[in-house]
Amino acid sequence: MSESIIIAETGKGSVSAVTAELVSAAIALGTSPTVVVPCTDASMADNAGYDGVSRTIAVKGACFENYDAASWASAIDAAAPSGIIIAAATPQSKDIAARIAAKRNLSVVQDVVSIDGMNLTSPIYSGKAMQTVAISGDSVISVRANVFPAASSAAANVSVVDQSGDVSTAVQEIMARASARLDVSEANIIVSGGRGMGSPENFSHLEKLADVIGAAVGASRAAVDTWDDIPHSMQVGQTGKTVNPNLYIAVGISGAIQHLAGMRSSKYIVAINKDADAPIFAHADYGIVATWEEALPVLESELSSMMS
Ligand SMILES: Cc1cc2nc3c(=O)[nH]c(=O)nc-3n(C[C@H](O)[C@H](O)[C@H](O)COP(=O)(O)OP(=O)(O)OC[C@H]3O[C@@H](n4cnc5c(N)ncnc54)[C@H](O)[C@@H]3O)c2cc1C
């Protein structure tokens, strides 16, 4: 059985849930996975044990305090054994995947949404078409979240590799607005707002609904570009994040092709728009023709009573 190396997705000092899905992807490929955990404290890898994984490597280094593509890719590349590299299709991990592919002179397949033997399927042309490529031998792939079931947790057999001395540059500090919210690229439910929300303050109505249903809050590019208070990290679409939730609720979003590119593979799409002819309705499973001012309070109160 060939080897695969899973680069654990990490955030807020722990290993993210999507890592368990990468283990299932590795097993679907017929490989024997090793999980590599980039960390500053090796104890973080203690939670990165899964059924089917015989080894977890904590790659420890000061550079992992803050994200920097070059130093992270160098440190992970130096510590990871050879094999098929598997990362999550988040902006950060796709960046690392591409860099490791270049360092190892391997092919890279990004945004994989299905695996059949060694055939990998991923969207191309902003999601307008799907391509299937066959890999043979070592390569680097990134896999979208919410595609594979999560592998069950198991005790981790951790070995530690200290990369601190091998990294020549590291980012010392990143100043960013702290957000306790779930990131859209990992969320199972997303409530997104567009220019139709009218002002950044009105996003608080989306946050209220998101709190009721355990969702992340996203935005269209028009919202991000128009309002400084809506950060780029929330942007969904061709030049933002690609998301794959079970439920995507688009509020005051017209449904431009560049927005659809980032969310059209959502399992269920609900659109709230006051314009019955808005293109988003052509892609929605459920549509509400109303202003958000009318629709959101009703939705929030109905869902609150259903959830309680
Ligand atoms: C190269 C390129 C890359 C791009 N990348 C992205 C990307 O990654 N992501 C992205 O989103 N866009 C992207 N865009 C921009 C994209 O083309 C659209 O301009 C953008 O998606 C529009 O955002 P919107 O739907 O919020 O705004 P609008 O198109 O202005 O739509 C606002 C909608 O809100 C509705 N509305 C207004 N008031 C209300 C109300 N009170 N209640 C309910 N509905 C209301 C309106 O009927 C309308 O449908 C890109 C464009 C280019 C050229």
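The rules we used
Residues numbered from 1 in each chain as written. Predicted model: local features only at pLDDT ≥ 70, side-chain atom pairs only at ≥ 80, totals over all residues. Domains from an automatic or database assignment. Contact = placed C-beta atoms within 7 Å. Pairing = 2+ DSSP bridges. Helix = DSSP H or I, 4+ residues; strand = E, 2+ residues; numbered from the N terminus. Axes fitted to C-alpha atoms, helices over the stretch in contact; angles between N-to-C directions. Near = placed C-beta within 6 Å. Nonpolar A, V, L, I, M, F, W, Y, C, P; charged D, E, K, R; others polar. Buried ≥ 20, exposed ≤ 12 C-beta atoms within 10 Å, placed from the backbone.

Caption draft 1: Spatial organisation of the domain arrangement of the protein chain. For the protein chain, the assigned domains are domain 1 (3-166) and domain 2 (184-307). Placing a centre on the C-alpha atoms of domain 1 and another on those of domain 2 gives a separation of 29 Å. Between domain 1 and domain 2, the contact holds 14 residues from the first and 14 residues from the second.

Caption draft 2: Structural context of the sheet that holds strand β16 (residues 268-273). Spatial strand order, β14-β13-β15-β16-β17: five strands in an open sheet with parallel pairing. In this open sheet, the two strands that pair with only one neighbour each are β14 (216-219) and β17 (286-289). Averaged over all pairs of adjacent strands, the angle between their axes in this sheet comes to 15°, without regard to strand direction. Sheet topology note: the strand β15 (residues 247-251)/β16 ladder contains five bridges and is parallel.

Caption draft 3: Highlighting the site of the ligand. By nearness alone, 27 residues border the ligand, and Gly194, Gly196, Arg221, Ala222 and Gly237 come closest of all. Residue assignment for the shell around the ligand shows that the elements contributing at least two residues are α5 (221-226), α6 (257-263), β16 and α7 (292-307). Grouping the constituent residues of the shell around the ligand by class yields seven nonpolar, 15 polar and five charged.

Caption draft 4: Local environment of the environment of serine 305. As for its placement among the helices and strands, serine 305 is situated in helix α7. Linking serine 305 and valine 212, residues 93 residues apart in sequence, is a C-alpha distance of 9.6 Å.

Caption draft 5: Main features of the sheet that holds strand β6 (residues 84-88). Ordered in space as β7-β11-β6-β1-β4-β5-β12, the seven strands form an open sheet in which the pairing is parallel. Pairing within the sheet leaves two strands with one partner each, and these edge strands are β7 (108-112) and β12 (158-162). Averaged over all pairs of adjacent strands, the angle between strand axes in this sheet comes to 25°, irrespective of strand direction. Sheet topology places strand β1 (residues 3-7) next to strand β4 (residues 32-39); five bridges connect them, and they run parallel. Opposite isoleucine 5, over in β4, you have threonine 34 as the bridge partner. Here helix α2 (residues 69-79) sits on the sheet and contacts β1, β4, β5 (55-60) and β12; the angle it forms with β4, its principal contact strand, is near 140°.

Caption draft 6: Structural detail: helix α1 (residues 18-28). The buried fraction of α1 is high, at nine of 11 residues. Positive backbone phi, approximately 75°, marks glycine 30, located one or two places after α1.

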